[in-house]
Amino acid sequence: MKTVFLLLGLCFALLLPSSFAADKPSELTRLMRQMLSYIKQEKLQIENNKPALHFPTTLQKVSKAKITAGKKISNEHRQYIADFFGELNHYYQKQDSAERRTGFNLLVSSCINCHQHECPGPIVVIKKNLLEPTEQ
Ligand code: HEC
């Protein structure tokens with residue numbers, strides 16, 4: 001439990017500088033922050049064998065969200081969003097706990113996949129939420 005708090009603290013410490021850089025976070029940034037906090041909570045749900053939480057946003061909202069002025073997105077932006085929500089769908093269909101863990105890691109990997117092309121900064125923070133495959 002202590003390590004979880006340490007990791008959370010570290011995540012906030014890493015995120016703070018980027019939050020102060022812009023006076024007002026973009027729509028997409030705000031959605032992303034909700035998505036990150038979902039991923040962190042959902043990881044704990046899995047570790048404690050608790051049911052899945054509701055995802056905080058929708059494909060429509062993420063697709064329409066405005067991006068920070070001057071930031072570039074990739075030509076495949078829509079595809080990455082679709083892939084992500086596809087993985088989310090798969091994840092919610094997993095019942096068995098081992099499958100749920102694998103599904104969750106695929107979901108987190110699809111966050112990372114888009115970030116590798118569009119916004120590498122938060123990858124370190126996102127990666128911390130991958131579950132150990134051998135745990136349990
Ligand atoms: C379709 C591509 C894509 C996917 C999928 C995606 N992101 Fe992002 N993410 C972005 C972009 C682009 C930004 C920069 C947004 C901006 O500056 O307006 C961003 C920003 C962020 C930030 C920085 C927010 C801040 O405080 O500045 C975090 C954290 C983040 N994403 C986490 C996640 C997590 C967690 C997931 C998966 C649950 C995810 N992202 C999935 C493209 C994506």
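What comes next concerns the included structure. A quick note: this is a predicted structure, and the numbers were derived from the prediction, not measured.

**Describing the site of the ligand**
- Around the ligand, the surrounding shell holds 24 residues, and the nearest of these are Met 32, Thr 68, Cys 111, Cys 114 and His 115.
- Between the ligand and the protein, one listed contact pairs an oxygen atom with a side-chain N or O atom of Thr 29 at 3.4 Å.
- For the ligand, an oxygen atom lies 2.5 Å from a polar atom in the side chain of Thr 68.
- With seven residues, the single largest contributor to the shell around the ligand is helix 2 (residues 27-47).
- Grouping the amino acids of the shell around the ligand by side-chain chemistry returns 14 nonpolar, seven polar and three charged.

**Focus on the coordination of the iron atom of the ligand**
- Binding of the iron atom of the ligand to the protein goes through Met 32 (SD) and His 115 (NE2), at separations of 2.0 to 2.2 Å.
- For the iron atom of the ligand, the six donor atoms in the first shell make angles of 85 to 179° at the metal, so the coordination geometry reads as octahedral. On the criterion of sequence distance, the pair formed by Met 32 in helix 2 and His 115 in helix 5 (residues 97-118) is long-range, its members being 83 residues apart.
- Since its relative accessible area comes to 29%, Met 32 is described here as partly exposed.

**Some points on the environment of Ile 112**
- Position of Ile 112 relative to the elements: it lies in helix 5.
- For the pair Ile 112 and Pro 122, spaced 10 residues apart in sequence, the C-alpha to C-alpha distance is 8.7 Å.
- When sequence neighbours within four positions are dropped, the list of residues in contact with Ile 112 reads Ile 123, Ile 126, Lys 127 and Leu 130.

**Notes on the pattern of salt bridges**
- Tallied over the full model, the rule gives one salt bridge.
- Between Glu 42 and Arg 100 there is a salt bridge, with its nearest N and O atoms 3.2 Å apart. With Glu 42 in helix 2 and Arg 100 in helix 5, this pair connects stretches of sequence that are 58 residues apart.

**Here we look at the nonpolar core**
- In this structure, Tyr 38, Phe 55, Val 62, Phe 84, Phe 85 and Phe 104 are the most contacted members of the largest nonpolar core, which totals 22 residues.
- Breaking this core down by element, the ones donating at least two residues are helix 2, helix 4 (77-93), helix 5 and helix 6 (123-127).
- With six residues, the top contributor of residues to this core is helix 2.
- Excluding its chain neighbours within four sequence positions, the residues that come into contact with Tyr 38 are Leu 53, His 54, Phe 55, Pro 56, Leu 88, Tyr 91, Tyr 92 and Leu 107.

Cut-offs applied
Along each chain, residue indices are assigned from 1 in the same order as the chain's sequence is written. Predicted model: local features are reported for residues with pLDDT of at least 70 only, side-chain atom pairs are reported and counted for 80 or more only, and whole-chain, interface and lining totals are derived from all residues. In computing side-chain values, all of the structure's heavy atoms are included and hydrogens and water are not. In these notes, residues near a molecule or strand are those with any non-hydrogen atom within 4 Å of it. Each polar contact in these results corresponds to two N or O atoms within 3.5 Å; when the atoms are within protein, one needs to be able to donate a hydrogen and the other to accept it, and residues that are neighboring in sequence are counted only if both atoms are side-chain atoms. Only runs of H or I of at least four residues qualify as helices and only runs of E of at least two qualify as strands under DSSP, and these elements are numbered from the N terminus. Three residue categories are used. Nonpolar comprises Ala, Val, Leu, Ile, Met, Phe, Trp, Tyr, Cys and Pro, charged comprises Asp, Glu, Lys and Arg, and polar comprises the others, including Gly. Coordinating donors are taken as N, O and S atoms within 2.8 Å of the metal, stretched to 3.2 Å for Na, K and Ca; because water is absent from the atoms, sites can appear incomplete. All geometry calls rest on donor angles, where a four-donor set with angles between 85 and 135 degrees is tetrahedral, four- and six-donor sets with opposite donors more than 155 degrees apart and all others between 65 and 115 are square planar and octahedral, and all else is irregular. Here's how the labels work: a residue is buried when its accessible area is under 20% of the maximum for its type, exposed when over 50%, partly exposed in between, all with a 1.4 Å probe on protein chains only. By definition in these notes, contact holds between two residues if any of their heavy atoms fall within 4.5 Å. What makes a salt bridge here is a side-chain nitrogen of Lys or Arg within 4 Å of a carboxyl oxygen of Asp or Glu, nothing more. Residues enter a nonpolar core if they are buried and are Ala, Val, Leu, Ile, Met, Phe, Trp, Tyr or Cys, with the set joined through side-chain atoms within 4.5 Å.

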